[in-house]
Amino acid sequence: MGEQSFTAMAGAKAEGEVPHLGIGMLGYAFMGKAHSNAFTKIPYIMYPPPAIPDLVAICGRNQEAVAEAARRYGYQRYYTDWREMLKDDDIQIFDNGTPPDMHAEPSIAFARAGKHILCEKPMARNGEEAGRMRDEVEKTGVKNMIGFNYRFVPAIRQMRELIQSGALGRIYHYRAIYLQEWVMPHYNLPLIWRLDKEVAGNGVLGCLGAHIIDLGRYLVGEIGSVAATTRTFVTERDLPDGSGKAKVEVDDAFATVVEFENGAIGTIEATRFGAGRKNHQVLEVNGEKGSICFDLERLNELQVFWVDDEPKETQGFHNVLVTEGYHPWIENWWPHGHIIGWEHSFVHEITHFLDCIANDKDVAPLGATFEDGYRTAVICDAILESAAARKHIDIKY
Ligand code: SOE
């Protein structure tokens, strides 16, 4: 069998038919690693890929660290100033993996330069900053996405498809918690950036809360109002440079009641003081025909209950292993039962973005756009306002 006929028959695209998109990555820490890992896997896992991401450049302030990251992940070059990377014509996608205080200025500059923008969550430190970013991408027309990667976990996408199909019927409740423990006193953390209001904008609200607020919009619908409480348990911490102490001005925990515009109600809660909880995100949706529950620490599974399940004698929540070829994205990976992990949500997420760019598709509603990031930022602001005023706050965009 000739090479061409094999290629044609397999449906695979020859190398020349797949566009290449140059990546400029800002940041080389946790998200720089997760995104670089995804860029590398996409060409041979999401096969044939909608585009091949070329690792053109990575940027970070510390020259030694960013040079090491470029070598480690395979970037062609590195920069220590994003304004220099902005001039690099080999870059078509700007990937912003920095802390929130570095999201607005560079993303706006790269959008103005006509680059498509992938920005990590939370989009910005507050709704005003997020609104400026959203306005810029709308003006320039570049494709844009926020790194709400949990939308791209197969089990969560499956939840959305079941809800959208009407399988659950009318939705009554959305219940989401996101618990971690690593900010508790026994970790002896100084005032790191995730606890610094000037850098992060807020505390657990943007770090973990943003994910489950976005998932509430993704799974159930628009949020109309919030009634919230926040708490800062440790009010003073050492400064990282050892020069003294400073007041903690961000939330360590929050809990909010939400009213959805479609009549459903919900509770959304997050903390980084959940002793024993490592990355404990649990979502439950209750509808008139049944319930679906997801647990991130068992991310290949769903717990499902159907009201009309038969025989009645065996009714109850049952466990579904979301690893069949007919489940979202699984056919790209392994036979059923060969489970995937947290990192693979970034492979799916970034493939979606590459596809939207290469084939001029809409990032929404499956991916989170800058409009989605802006709405979550406004909801976070409303949670803080509600807690301070101790009253319901209606969401206004
Ligand atoms: C916080 O520890 C964190 O890394 C979040 O920033 C991520 O968004 C979440 O996916 C895992 O936990």
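All chains use their own residue numbering, which begins from 1 and follows the written sequence. Reporting of local features is limited, given that this is a predicted model, to residues whose pLDDT is at least 70; pairs of side-chain atoms are given and counted only at 80 or more, and all residues count toward the totals for whole chains, interfaces and linings. For side-chain calculations, the full set of non-hydrogen atoms in the structure is used, while hydrogens and water are omitted.

### Structural notes on the overall build of the chain
Under the convention used in this document: Starting at the N terminus, helices and strands are each numbered in turn, a helix being any DSSP run of H or I of at least four residues and a strand any DSSP run of E of at least two. The reference for a compact globule is 2.2 Å times residues^0.38; the radius of gyration itself is calculated from the C-alpha atoms. The cut-offs for exposure are 20% and 50% of the maximum accessible area for each residue type, with area from a 1.4 Å probe on protein chains only; residues under the lower value are buried, those over the upper are exposed, and the others partly exposed. The contact criterion used throughout is that any non-hydrogen atoms of two residues lie within 4.5 Å. Calculation of accessible area relied on Shrake-Rupley with a 1.4 Å probe; when residues are assessed, cover is drawn exclusively from the protein chains displayed. A residue counts as positive if it is Lys or Arg and as negative if it is Asp or Glu; His and the chain ends are not included. In this description, the location of a charge corresponds to atom NZ of lysine, CZ of arginine, CG of aspartate or CD of glutamate.
A tally of helices and strands in the chain yields 11 helices and 17 strands. A globule of 397 residues ought to have a C-alpha radius of gyration of about 21 Å, and the chain, at 22 Å, matches this closely. By its C-alpha atoms, the chain is 65 × 65 × 40 Å across when sized along the principal axes. Taking all 397 residues of the chain together, 55% fall into the buried category. At a minimum sequence separation of 6, the contacts of the chain that also span at least 24 residues come to 68%. Accessible surface computed for the chain: about 17,600 Å², of which carbon and sulfur atoms make up 51%. Of the side chains in the chain, 40 bear a positive and 56 a negative charge, and the two mean positions are spaced by 4 Å.

### Notes on the site of the ligand
Note the threshold: For each residue, the test is whether any non-hydrogen atom lies within 4 Å of the molecule or strand; if one does, the residue is near. Here a polar contact is taken to be a pair of N or O atoms separated by no more than 3.5 Å, where protein atoms must pair a possible hydrogen donor with a possible acceptor and residues adjacent in sequence count only if both atoms sit in side chains. In the cavity and pocket records, a cavity denotes points on a 1 Å grid over the protein atoms alone where a 1.4 Å probe fits but cannot get out, a pocket denotes an open set with protein on both sides within 12 Å along at least 5 of 7 lines, and lining residues are residues with an atom within 4 Å of a point. Assignment to a cavity or pocket requires that more than half of a molecule's atoms be within 2 Å of the site's grid points.
Lining the immediate environment of the ligand, one finds F30, K121, Y150, Y178, Q180, W182, R194, C207, L208, H211, N279 and W342. One of the side-chain N or O atoms of W182 is found 3.5 Å from an oxygen atom in the ligand. Interatomic distance of 2.7 Å between a side-chain N/O atom of H211 and an oxygen atom of the ligand. Here the ligand, which alone exposes 310 Å², has 89% of that area covered by the protein. In this structure, the ligand is accommodated by the largest pocket. By residue number, the principal contributor to the shell around the ligand is helix α9 (residues 204-219), which donates three residues.

### Here we look at helix α3 (residues 63-73)
Threshold: This arc describes the spread of directions from the helix axis toward the C-beta atoms.
Of the residues making up α3, those classed as buried are V66, A67, A69, A70 and Y73. With its buried residues spanning 160 degrees around the axis, α3 presents them on a single face. For α3, the exposed residues lying more than 90 degrees away from the buried face are E64, R71 and R72. Of the surrounding elements, those touching the buried residues of α3 are α2 (30-45), β2 (52-59) and β3 (77-79). With a side-chain oxygen positioned 3.0 Å from the backbone nitrogen of E64, the residue opening α3 is N62. Positioned one or two residues after α3, G74 has a phi angle of 90 degrees, which is positive.

### A few points about the pairing of strand β15 (residues 301-306)
Our working rule: Note on pairing: DSSP must find at least two bridges between two strands before they are called paired.
Bridge analysis of strand β14 (residues 290-295) against β15 gives four bridges, and the strand direction is antiparallel. Note that in β15 the partner of I292 across the bridge is V304. Where β14 folds back onto β15 in an antiparallel hairpin, the turn is made up of five residues. For β15 and strand β16 (residues 318-321), the ladder comprises four bridges, and the chain directions are antiparallel. From the neighbouring strand, V304 faces β16, where its bridge partner is H318.

### Topic: the side chain of R151
Take R151: it is sitting in the loop between β6 (144-146) and α7 (154-164). Judged by relative accessible area, R151 falls into the buried class, the value being 2%. Here P365 takes part through its backbone oxygen, which lies 3.0 Å from a polar atom of the side chain of R151. In this view, R151 contacts R157, D214, L215, R217, Y218, W329, P365, L366, G367, A368 and D372; residues no more than four positions away in its chain are not counted.

### Focus: empty space enclosed by the protein
So the rule is basically this: Grid points are joined across faces, edges and corners, and a volume is the space filled by probe spheres set on the points. Put simply, Ala, Val, Leu, Ile, Met, Phe, Trp, Tyr, Cys and Pro go in the nonpolar bin, Asp, Glu, Lys and Arg in the charged bin, and everything else, Gly too, in the polar bin. Domain borders in the structure are assigned automatically or taken from a domain database.
In the structure shown here, the tally under the stated rule is one cavity of 30 Å³ or more. Here the largest cavity is characterised by a volume of approximately 80 Å³. As for the largest cavity, its lining consists of 13 residues, of which P122, M123, A124, A377 and C380 are closest to the centre. With five residues, helix α11 (residues 370-389) is the largest single contributor of residues to the lining of the largest cavity. Taken together, the residues of the lining of the largest cavity sort by class into seven nonpolar, four polar and two charged. Counting the residues that make up the lining of the largest cavity, at least three belong to each of domain 1 (15-149) and domain 2 (152-341 + 369-389).

### Focus on the packing of aromatic side chains
Heads up, the condition is: To pair, rings of Phe, Tyr and Trp, with the six-membered ring standing in for Trp, must have centres within 6.5 Å; the planes then decide the type, stacked if under 30 degrees apart, edge-to-face if over 60, and tilted in the middle.
Within this structure, the stated rule accounts for 11 aromatic pairs. Ring centres of Y150 and Y178 lie 6.2 Å apart, and the angle between their planes is 75 degrees; on these two criteria the pair is classed as edge-to-face. Of this pair, Y150 sits in the loop between β6 and α7 while Y178 is found in strand β7 (residues 171-179), placing the two residues 28 residues apart along the sequence. On the basis of relative accessibility, which here comes to 1%, the residue Y178 falls in the buried class.

### Examining the sheet that holds β15
Read across the sheet, nine strands follow the order β16-β15-β14-β13-β7-β12-β11-β8-β17 without closing on themselves; strand pairing throughout is mixed. Edge strands, defined here as strands with exactly one partner in the open sheet, are β16 and β17 (393-394).

### Considerations on the layout of surface pockets
The space that makes up the largest pocket amounts to roughly 930 Å³. Lining the largest pocket are 43 residues, and of these G97, T98, P99, W193 and R194 lie nearest its centre. Residue assignment for the lining of the largest pocket shows that the elements contributing at least two residues are α2, α8 (197-200) and α9. No other element matches α9, which puts four residues into the lining of the largest pocket. When grouped by side-chain class, the residues that make up the lining of the largest pocket number 21 nonpolar, 15 polar and seven charged. Looking at which domains feed residues into the lining of the largest pocket, each of domain 1 (15-149) and domain 2 (152-341 + 369-389) supplies at least three. Empty space within the second largest pocket amounts to approximately 270 Å³.

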